[in-house]
Amino acid sequence: MGDMPAFIPADVVEKSLDYPTLIPLLERALINFSMGSEGGVVQPVRTIVPVAKHRGFLGVMPAYSAVDDALTTKVVTFYENKLSSEIPSHQATVLLFDPATGVLKAVIDGKVITDKRTAAVSVIATKLLKSAHAEVLCILGSGAQALSHYHAFTQEFLFKEVRIWSRTGENAKRFAEAVGGKILVCSTPQEAVTGADVIVTATMSTQPVLFGDWVKPGAHINAIGACRPDWRELDDNLMKNCVLYVDSKEAAAKESGDIVLSQVEIKAELGELLNGTKTALPDKTTVFKSVGMAIEDTVSAKLVYDFWTMNKESE
Ligand SMILES: NC(=O)c1ccc[n+]([C@@H]2O[C@H](COP(=O)([O-])OP(=O)(O)OC[C@H]3O[C@@H](n4cnc5c(N)ncnc54)[C@H](O)[C@@H]3O)[C@@H](O)[C@H]2O)c1
Ligand SMILES: O=C(O)[C@@H]1CCCCN1
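These notes cover the structure that comes with them. (Residues numbered from 1 in each chain as written. Chains lettered and ligands numbered in written order. Predicted model: local features only at pLDDT ≥ 70, side-chain atom pairs only at ≥ 80, totals over all residues. Heavy atoms only, no water.)

## Notes on the site of ligand 1
Note the cut-off: Consider each residue's heavy atoms; a residue with any of them within 4 Å of a molecule or strand counts as near. Within 3.5 Å is the distance limit for a polar contact, defined as a pair of N or O atoms, with the added protein rule that one can donate a hydrogen and the other accept it, and that residues adjacent in sequence qualify only through two side-chain atoms. A run of DSSP states H or I qualifies as a helix once it reaches four residues; a run of E qualifies as a strand once it reaches two. Both are numbered from the N-terminal end. Note on residue categories: nonpolar means Ala, Val, Leu, Ile, Met, Phe, Trp, Tyr, Cys or Pro, charged means Asp, Glu, Lys or Arg, and polar means any other residue, Gly included.
In the vicinity of ligand 1 lie 25 residues, with Ser89, His90, Gln145, Thr203 and Ser290 positioned nearest. At 3.4 Å from an oxygen atom of ligand 1 is found a main-chain nitrogen or oxygen belonging to Gly143. A distance of 3.5 Å separates a nitrogen atom of ligand 1 from a polar side-chain atom of Ser205. At the level of secondary structure, the elements contributing two or more residues to the shell around ligand 1 comprise helix H3 (111–129) and helix H4 (144–156). Broken down by element, the shell around ligand 1 gets its largest block of residues, three residues, from H3. A per-class count over the shell around ligand 1 returns nine nonpolar, 14 polar and two charged.

## Focus on the site of ligand 2
Put simply, the rule reads: Per-residue accessibility takes into account occlusion by the displayed protein chains alone, with areas from the Shrake-Rupley method and a 1.4 Å probe.
Around ligand 2, the neighbouring residues are Arg46, Met61, Lys74, Val76, Phe78, His90, Thr114, Arg117, Cys227, Val291 and Gly292. The side chain of Arg117 places a nitrogen or oxygen atom 3.0 Å from an oxygen atom of ligand 2. Contact distances for ligand 2 include 3.1 Å between a nitrogen atom and a backbone N or O atom of Val291. Here ligand 2, which alone exposes 260 Å², has 92% of that area covered by the protein. Secondary-structure elements contributing two or more residues to the shell around ligand 2 are strand S5 (70–79) and H3. Ranked by the residues each element gives to the shell around ligand 2, the list is headed by S5, at three residues. In terms of residue class, the shell around ligand 2 is built from five nonpolar, three polar and three charged.

The following block contains the structure:
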């Protein structure tokens with residue numbers, strides 16, 4: 001019998017993932033992914049099992065990166081109706097295997113990985129697609145993704161103003177108090193969005209929360225929610241008047257209601273912008289529609305495992 005797999009909890013994951021390390025790693029993973037078989041990434045579109053009785057979903061997200069020689073699968077659940085405020089709407093575990101033998105090496109908390117790698121990929125998109133003079137950041141939503149995006153964006157960019165709107169005003173106020181930074185709490189999404197240069201939509205909404213009429217021409221939007229083919233965060237007006245970028249064309253065309261229902265053409269994957277085969281158009285109104293990719297979890301989990309291996313004596 002070999003060694004038991006390591007169990008790596010959320011607090012260790014938190015310590016091992018910082019944005020300056022994560023961002024270049026994810027840029028490389030996005031490039032490798034968009035290079036097809038040449039990039040050495042094997043990543044099928046995830047399997048989603050609806051748990052209709054409880055308005056929940058189970059997702060299974062496997063990937064292998066030949067360049068990193070890393071093999072993982074994330075198992076993620078997400079629930080529309082939270083029965084308890086103590087239980088997050090999204091919960092995840094990443095299993096990391098030894099690619100040479102198939103042995104399970106580690107069971108890693110996947111919640112922090114999901115929160116941080118998603119925000120890091122939005123930073124990558126924003127660096128490529130925001131206008132040169134972007135000053136105002138607006139976040140719609142006040143949950144886990146809103147929080148990781150707030151931290152990543154305020155670390156990686158210098159915005160003059162940060163605004164937040166949340167469906168429940170109290171939650172937006174709590175968010176602002178918790179982060180402690182200078183942040184303007186808005187009472188309507190339109191107020192929050194008007195004049196914003198960079199917008200993050202990070203809600204569990206199934207109907208549009210962001211309307212093209214409100215959006216400043218040339219703004220960049222990171223659309224993080226609406227990961228089911230019949231869910232929306234952005235209206236048709238916005239979708240039809242933007243230049244649209246995604247993480248994975250194949251997954252976005254299957255999973256994103258904003259794309260499936262508006263039938264808007266995808267301009268490019270982030271990996272194609274990063275490797276120079278397609279051009280970013282930062283002067284246009286741009287949307288990065290993020291659905292989330294397993295390979296992002298793979299490279300993040302490897303970083304966590306390497307950190308854990310180096311520090312395990314002191315943990
Ligand atoms: N693209 C990715 O890689 C990726 C990764 C993880 C999560 N997500 C998605 O991001 C979104 C946010 O996830 P989270 O972990 O922050 O969830 P969360 O439950 O922590 O937060 C959800 C937020 O959405 C708000 N909300 C819920 N219903 C709403 C509605 N009808 N209108 C407006 N706001 C509403 C809630 O008040 C809360 O502020 C979800 O759709 C999730 O599936 C995407
Ligand atoms: O990429 C992810 O991890 C998430 C899982 C839940 C649905 C949205 N995307």
